[in-house]
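# Chains, contacts and geometry: an overview
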Amino acid sequence: NAGVTQTPKFQVLKTGQSMTLQCAQDMNHNSMYWYRQDPGMGLRLIYYSASEGTTDKGEVPNGYNVSRLNKREFSLRLESAAPSQTSVYFCASSGLGQITQYFGPGTRLTVL
Amino acid sequence: LAKTTQPISMDSYEGQEVNITCSHNNIATNDYITWYQQFPSQGPRFIIQGYKTKVTNEVASLFIPADRKSSTLSLPRVSLSDTAVYYCLVGDLWAAGNKLTFGGGTRVLVKP
């Protein structure tokens, strides 16, 4: 039982490049989330998926797209990366009737 | 979503008890209170959750007064390894997606 896994762990992009961050959970959770955390700050919700087949915007969705591929996987795509998107990205999941979210180890992204 | 307010930082010494109070004046009837801990370069980790009165587990205690407008996380006999950022969140267990708002958290520094 690996919990929540994220790939890659680190990534450096040039401005304008695109990439997809992958997230998978093996806890049979319905809901999945993507957050970003800037240095010294709290987490901000980018997008979330309450259940398979649905996605909704969070607090800071601009510049991102998501796909809930199946119940296990939730990916985050940056179509044209900008330096302002330099951050640590966390994926999380939670089960039905649970407020507790389980977090992955994070992806540290730098956009030059 | 209920907004929370907590101190920015607290210092303590090994072996002391640390109490962090969180204010959530507009908490809703269905909201639960949850605390997370985050170490540097890691995702947040669930510590404790409660609805009213007192909850205790092997890590911490959570005190919630009758009006539920605040809560206090108590960490008994802290060690250096308890140095972390602690987040207080409130949310509805049964709300679709369980969107949570992470504020800036409280940075706890435990000194020798």
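Residues numbered from 1 in each chain as written. Chains lettered and ligands numbered in written order. Predicted model: local features only at pLDDT ≥ 70, side-chain atom pairs only at ≥ 80, totals over all residues. Heavy atoms only, no water.

## Let's talk about the overall build of chain B
So the rule is basically this: Starting at the N terminus, helices and strands are each numbered in turn, a helix being any DSSP run of H or I of at least four residues and a strand any DSSP run of E of at least two. Between buried and exposed lies partly exposed: a residue is buried under 20% and exposed over 50% of the maximum accessible area for its type, with that area taken using a 1.4 Å probe on protein chains only. The contact definition used throughout considers only heavy atoms, calling two residues in contact when any of these lie within 4.5 Å. Neither His nor the chain ends contribute to the count of charged residues, in which Lys and Arg are positive and Asp and Glu negative. Charged groups are reduced to one reference atom each: NZ for lysine, CZ for arginine, CG for aspartic acid, CD for glutamic acid.
The helix and strand inventory of chain B stands at 0 helices and 9 strands. Starting at the N terminus, the α and β elements of chain B follow one another as β-β-β-β-β-β-β-β-β. Across its three principal directions, the C-alpha atoms of chain B cover 40 × 30 × 25 Å. When burial is assessed residue by residue, chain B has 44% of its 112 residues classed as buried. A fraction of 57% describes how many contacts in chain B between residues 6 or more apart in sequence connect residues 24 or more apart. Counting 10 positive and 8 negative side-chain charges, chain B places the averaged centre of each group 5 Å from the other.

## A look at the overall build of chain A
Each helix and strand counted, chain A has 0 helices and 11 strands in total. When its helices and strands are written in sequence order, chain A yields β-β-β-β-β-β-β-β-β-β-β. Reported as C-alpha extents along the three principal axes, the dimensions of chain A are approximately 40 × 25 × 25 Å. Taken across its 112 residues, chain A has 49% of its residues classed as buried.

## Observations regarding the interface of chain A and chain B
So the rule is basically this: Computed with a 1.4 Å rolling probe, the buried area is the accessible surface lost when two parts are put together, summed over both parts. By convention in these notes, a salt bridge is any Lys or Arg side-chain nitrogen within 4 Å of a carboxyl oxygen on Asp or Glu. Polar contacts here mean pairs of N or O atoms no more than 3.5 Å apart (in protein, one a potential hydrogen donor and the other a potential acceptor; neighbouring residues in sequence count only if both atoms are side-chain atoms). Three residue categories are used. Nonpolar comprises Ala, Val, Leu, Ile, Met, Phe, Trp, Tyr, Cys and Pro, charged comprises Asp, Glu, Lys and Arg, and polar comprises the others, including Gly.
On the chain B side, the residues contacting the 23 residues of chain A number 25 residues. Both sides together, the interface formed by chain A and chain B hides about 1,800 Å², and carbon and sulfur atoms give 57% of it. For the pair chain A and chain B, the interface holds 0 salt bridges. At the junction of chain A with chain B, the criterion picks out 5 residue pairs in polar contact (both at pLDDT 80 or more). The greatest single-element share of the side of chain A that touches chain B, amounting to 4 residues, is contributed by strand β4 (residues 31-37) of chain A. Grouping the constituent residues of the side of chain A that touches chain B by class yields 12 nonpolar, 10 polar and 1 charged.

## Observations regarding the pairing of strand β8 (residues 74-78) of chain A
All names here are of chain A. Under the convention used in this document: Two strands are said to pair when DSSP picks up at least two bridges between them.
Judged by how many residues are buried, β8 sits mostly within the fold: 4 of 5 residues are covered. As judged from the 3 bridges shared by strand β3 (residues 19-25) and β8, these two strands associate in the antiparallel manner. By the bridge assignment, M19 is partnered in β8 with L78. Pairing of strand β7 (residues 64-68) with β8 involves 5 bridges; the strand directions are antiparallel. Bridge pairing in β8 places N65 opposite R77. What sits between the antiparallel neighbours β7 and β8 is a turn of 5 residues.

## A closer look at the sheet that holds strand β9 (residues 106-111) of chain B
The strands making up a sheet associate through hydrogen bonds between their backbones, and the pairing can be parallel or antiparallel. Residues and elements named next belong to chain B. Keep this limit in mind: Fitting a line to C-alpha atoms yields each axis, with helices limited to the stretch in contact; the angle taken between N-to-C directions then spans 0 to 180 degrees.
The 5 strands are arranged β1-β9-β8-β3-β4 in an open sheet whose pairing can be described as mixed. Edge positions in the sheet fall to β1 (9-13) and β4 (45-50), since each of these pairs with one other strand and no more. The average undirected angle you get between the axes of adjacent strands in this sheet is 25°. Where β1 meets β9, 5 bridges bridge the pair, whose relative direction is parallel. In the strand pairing of β9, S12 is matched with V110.

## A look at the packing of aromatic side chains
How we decide: Side-chain rings of Phe, Tyr and Trp (the six-membered ring for Trp) are treated as a pair once their centres are within 6.5 Å; stacked means planes under 30 degrees apart, edge-to-face means over 60, and tilted covers the remaining angles.
For the structure on display, the rule yields 7 aromatic pairs over all chains. Note on B:Y36 and B:F46: the rings are 6.3 Å apart at their centroids and 80° apart in plane angle, and the pair reads as edge-to-face. Of this pair, B:Y36 sits in strand β3 (residues 31-38) while B:F46 is found in strand β4, placing the two residues 10 residues apart along the sequence. Here B:Y36 falls in the buried class, since its relative accessible area comes to 0%. Among the aromatic residues, ring-to-ring pairing joins A:Y33, A:Y35, A:Y48, A:F103, B:Y36 and B:F46 into one connected group.

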